[in-house]
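Here is what each chain is made of, one letter per residue.
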Amino acid sequence: MARIFGTSPAQKDTRKRSRIDIGPEAGALLDEACKVFQLDRAETLRRIIRASLDVGPALSAENSRTVAALASQVRMVGRNLSQLLHAIHSGDAVPMETALPIWEALDERVKAVDAELTAMTIAHGLKLRKAAHLLDGENA
């Protein structure tokens, strides 16, 4: 018998719903967190829960966009390094003096990505930087 309405058991939503009652003070803090994270209450709570168990960082909507953009830049740097390595292996690499501006540009971009990640992770705690092995020798 074919189903016209409803969903099959395989199509059912496996999410669990939870209802919590919070007082005015906690509600105000949650509303403040939602503004900071620029997310709705449900997503803010999901991210805070994951972060509290070290399952993932509690990134704001803006931080999530920044991470996506930085990931794209890191992939670009990786492609450049891969092309350079291929040129070295094939004997087509240019002399170091010629390649120096490229190395300097790559170094600047990596430093800029690190600075952006540092600024974001400091806002969410030193623990994230330690877990990502992003601490310099002074702070380790």
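What counts and what doesn't
Residues numbered from 1 in each chain as written. Predicted model: local features only at pLDDT ≥ 70, side-chain atom pairs only at ≥ 80, totals over all residues. Heavy atoms only, no water. Helix = DSSP H or I, 4+ residues; strand = E, 2+ residues; numbered from the N terminus. Buried < 20%, exposed > 50% of the residue type's maximum accessible area, 1.4 Å probe, protein only. Contact = heavy atoms within 4.5 Å. Expected span 1.5 Å × (residues − 1). pLDDT = per-residue confidence, 0-100. Arc of directions from axis to C-beta. Polar contact = N/O pair within 3.5 Å; in protein donor to acceptor, adjacent residues only side chain to side chain.

The number of helices and strands found in the chain is five helices and zero strands. Counting only residues that meet the buried cut, the chain has 19% of its 140 residues in that class. Of the contacts made within the chain by residues no fewer than 6 positions apart, 39% connect residues no fewer than 24 positions apart.

With that settled, consider helix H3 (residues 61-90). Structural remark: α-helix, 3.6 residues per turn; residues separated by three or four positions point the same way. Between the first and last C-alpha of H3 there are 44 Å, a value that for 30 residues agrees with the 44 Å anticipated at 1.5 Å per step. By the burial criterion, the buried members of H3 are Ala61, Asn63, Thr66, Leu70, Val77 and Ala87. Count one or two residues on from H3 and you reach Gly91, which has phi positive near 80°.

The subject of this paragraph is unusual backbone geometry. At Gln38, a residue that is not glycine, the phi angle is positive and equals roughly 60°. By the element assignment, Gln38 lies in the loop between helix H1 (24-37) and helix H2 (41-52).

The subject of this paragraph is the confidence of the model for the chain. Summarising the model, the chain shows a mean pLDDT of 76, and 73% of its residues fall at 70 or more. Element-level pLDDT for the chain is lowest in helix H5 (residues 126-131), with a mean of 62, against a maximum mean of 89 in H1. Residue range residues 1-6 is modelled with pLDDT below 50. Its contacts to residues more than four positions away, or to other chains, number two contacts.

So, on to H2. End to end, H2 covers 16 Å across twelve residues, agreeing with the expected 16 Å (1.5 Å per residue, within 8%). Where H2 is concerned, the buried positions are Glu43, Thr44 and Arg47. Axial view of H2: buried residues confined to an arc of 105°, hence all on one face. Opposite its buried face, H2 presents the exposed residues Ile49 and Ser52, each directed more than 90 degrees away. Here the buried face of H2 lies against H1 and H3. The backbone nitrogen of Ala42 has a side-chain oxygen 3.3 Å away, supplied by the residue at the start of H2, namely Asp40.

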